[in-house]
Amino acid sequence: MSKNKKENTGTTSSTLEMTQARLDAAKDLVRIKQSKGIKDAKLSIYEVLEEEIMKLDIPDKEKAARLSRLLKVRNKKVNIMLVGSTGVGKSSTINALFNTDVATVGVGVDPETSLIEKYKLDNLIIWDTPGLGDGVVSDERIKRLILGKLNEMDENGDPLIDLVLVILDASSKDLGTSYDLINNLLIPALGENAEKCILLALNQADVAMKGKHWLEEENMPDETLKEFLGRKADSVQKRIYEATDLSIRPIYYCAGYKEANGEQHKPYNLTKLLYYIVKSVPMEKRIALADNINEEEDNWLFDDREEDYKENTKYSFGETVYLHLVNGLFDGSDIGESILGIPGRIIGATVGATFGVVKGVLAALFD
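Residues take numbers from 1 onward in each chain, read along the sequence in its written order. In view of the model being predicted, local features appear only for residues whose pLDDT reaches at least 70, and side-chain atom pairs are presented and counted only at 80 or more, with totals across whole chains, interfaces and linings using the full set of residues. The basis for every side-chain value is the complete set of non-hydrogen atoms in the structure, without hydrogens or water.

Novice: Hey, could you run me through the side chain of Lys 232 in this one?
Specialist: Helical segments are the DSSP runs of H or I of at least four residues, strand segments are the runs of E of at least two, and each set is numbered from the N terminus. Turning to its location among the elements, Lys 232 is positioned in helix α8 (residues 223–244). Exposure classes here rest on a 1.4 Å probe applied to the protein chains alone. A residue is buried below 20% of its type maximum, exposed above 50%, and partly exposed in between. Here the positive residues are Lys and Arg and the negative ones are Asp and Glu; neither His nor the chain ends is included. Just to be clear on terms, a salt bridge is a Lys or Arg side-chain nitrogen sitting within 4 Å of an Asp or Glu carboxyl oxygen. Here Lys 232 is buried and forms no salt bridge, its nearest opposite-charge partner Asp 169 lying at an N-O distance of 7.2 Å. Those residues in contact with Lys 232 that sit more than four places away from it in its chain are Asp 169, Ala 170, Ser 172, Lys 173, Leu 175 and Leu 202. Note on contacts: a residue pair is in contact if any heavy atoms of the two residues lie within 4.5 Å.

This is the structure we're talking about:
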């Protein structure tokens, strides 16, 4: 055996041994947590994919190659910036979408945050900006902070921020502050990437007509309110297009909230918002979102049913697995068919190589 071949064999063996040792340690940690009553203690999606690759009946060299591809994906971080006026529900939206209460939901008069706050959820990083609309001096300071963050580069020299989620108030007639931010700061700063890096979301859809025409039992708008929200989205899209020549249509939703008396209002159209967030994030980074989706089942029950957003979201994650991990080489083999049984927790997918596209989808999400 040649020296190079021996070295390659040694490297492959070392990669597999280290992977197995890391998996064993991760499983032990999960068992310890579960023994202490921590019910949601689970392997991460990266660990589950490592485990599935290790179980494949393929040469060790190919296993090592796929583990190497997984490591590259695992090292990628998603950076999402939230912007919007005070009181639009940025914190509520973060808490509804992702699997942690990352911010205090503001209920007072003053902004909750004075500087851009960074919330790190594994490989998902959320930058929560202070609310706009509390005075000219304050707004100018916040805009400078936003612009500075948009101009930051990551360690590879690429823009740090992958997606700017602009939260608008569906019940407000005055969106001038938001239009100014979008048209005169975000779009010029993002340049040619603006259309794919900006996502607009109209929150508080349930109170858009002062609470009228919201079907409480069904947790959805009636036809009158749907038409109103559709016109609102049309108006926002038109105003931005007239100023910038970019066509960005907002999604309307309700992040859900709790009344002072403890009554909980469930989210609406959060599945749609999540799908568009996943779709807007660079494909090779999407898995970072999969491990952090909120596991509250009620959050994903109600949407406008215009599309099957749950299946679309699964497919979007499956694209990442297929194109960036499998590389079209599994020929329909299973990368795990089971699921840990909780929404937002993906542990596998069935993928195929027909015409170079995903043949299957992740085994379960939201189910």
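Past the structure itself, the notes keep going.
Novice: Explain the packing of helix α6 (residues 176–190) against α8 to me, please; I cannot follow it from the model alone.
Specialist: When two helices pack together, their arrangement is given by the angle between their axes and by how far apart the axes lie. Here the axes come from fitting lines to C-alpha atoms, over the contacting stretch only for helices, and the angles between their N-to-C directions go from 0 to 180 degrees. Relative to each other, α6 and α8 sit at 40 degrees, their axes nearing to 10 Å. By the angle between their axes, α6 is oblique relative to α8. When the axes of α6 and α8 are compared, the crossing they make is right-handed. Touching Tyr 179, Ile 182, Asn 183 and Ile 187 of α6 are Ser 235, Val 236, Arg 239, Ile 240, Ala 243 and Thr 244, all from α8. Under the scheme applied, nonpolar residues are Ala, Val, Leu, Ile, Met, Phe, Trp, Tyr, Cys and Pro; charged residues are Asp, Glu, Lys and Arg; polar residues are all the others, including Gly. In terms of residue class, the contact of α6 with α8 is made up of six nonpolar, three polar and one charged. Between 65 and 115 degrees an angle is taken as roughly perpendicular, under 35 as roughly parallel, over 145 as roughly antiparallel, and anywhere else as oblique. Each crossing gets its hand from how the near helix is turned against the far one by less than a right angle, where anticlockwise is left-handed and clockwise is right-handed.

Novice: What am I meant to see in empty space enclosed by the protein here?
Specialist: Vacant regions in the atomic arrangement are exposed by a probe of water-molecule size rolled over the atoms. Of the two site types, the cavity is a set of points on a 1 Å grid over the protein atoms alone where a 1.4 Å probe fits but cannot get out, and the pocket is an open set with protein on both sides within 12 Å along at least five of seven lines, each lined by residues with an atom within 4 Å of a point. Grid points are joined across faces, edges and corners, and a volume is the space filled by probe spheres set on the points. Here the structure, examined in full by the defined rule, presents two cavities of 30 Å³ or more. In this model, the second largest cavity occupies a volume close to 30 Å³. Lining the second largest cavity are Ile 80, Leu 82, Ile 94, Leu 97, Phe 98, Leu 165 and Ile 277. Those elements that place two or more of their residues in the lining of the second largest cavity are β1 (78–84) and α4 (90–97). Of the residues assigned to the lining of the second largest cavity, the class counts are seven nonpolar, no polar and no charged.

Novice: I tried to follow the sheet that holds strand β5 (residues 198–203) on my own but got confused; where do I start?
Specialist: Think of a sheet as strands paired side by side through backbone hydrogen bonds, with each pair either parallel or antiparallel. Pairing in this open sheet of six strands is mixed, and the strands run β2-β3-β1-β4-β5-β8 from one edge to the other. Looking at the sheet topology across the chains shown, the edges are occupied by β2 (117–121) and β8 (251–252). Bridging between β1 and strand β4 (residues 163–169) involves five bridges; their strand directions are parallel. The residue bridging Leu 82 from the neighbouring strand is Leu 165, located in β4. Contacting β1, β3 (124–128) and β4, helix α5 (residues 136–150) crosses the sheet at an angle of about 160 degrees to β1. Contacting β1, β4 and β5, α6 crosses the sheet at an angle of about 170 degrees to β4. The pairing criterion for strands is at least two bridges between them, as found by DSSP.

Novice: How should I be thinking about the pattern of salt bridges in this particular structure?
Specialist: Proximity of charged atoms lets side chains of opposite charge pair with each other. Applying the stated rule across the entire model yields 13 salt bridges. Across the pair Glu 51 and Lys 27 runs a salt bridge, and its minimum N-O distance is 2.5 Å. You can see Glu 51 sitting in helix α2 (residues 45–55) and its partner Lys 27 sitting in helix α1 (residues 3–35), a full 24 residues away along the chain. Take Glu 51: its relative accessible area is 18%, and that puts it in the buried class. Where Arg 31 meets Asp 28, a salt bridge forms, and the shortest distance between an N and an O atom there is 2.4 Å. In this pair, Arg 31 and Asp 28 are both assigned in helix α1, three residues apart and thus about one turn of the helix distant.

Novice: When you look at the packing of α2 against helix α3 (residues 60–74) in this model, what are you seeing that I'm missing?
Specialist: Between α2 and α3, the least distance of the axes is 10 Å, while the angle of their chain directions is 170 degrees. Viewed along their axes, α2 and α3 adopt a mutual orientation that is roughly antiparallel. Listed contacts from α3 to Tyr 46, Glu 47, Leu 49, Glu 50, Ile 53 and Met 54 of α2 are Lys 63, Arg 66, Leu 67, Leu 70, Val 73 and Arg 74. In the contact of α2 with α3, the residues fall into seven nonpolar, no polar and five charged.

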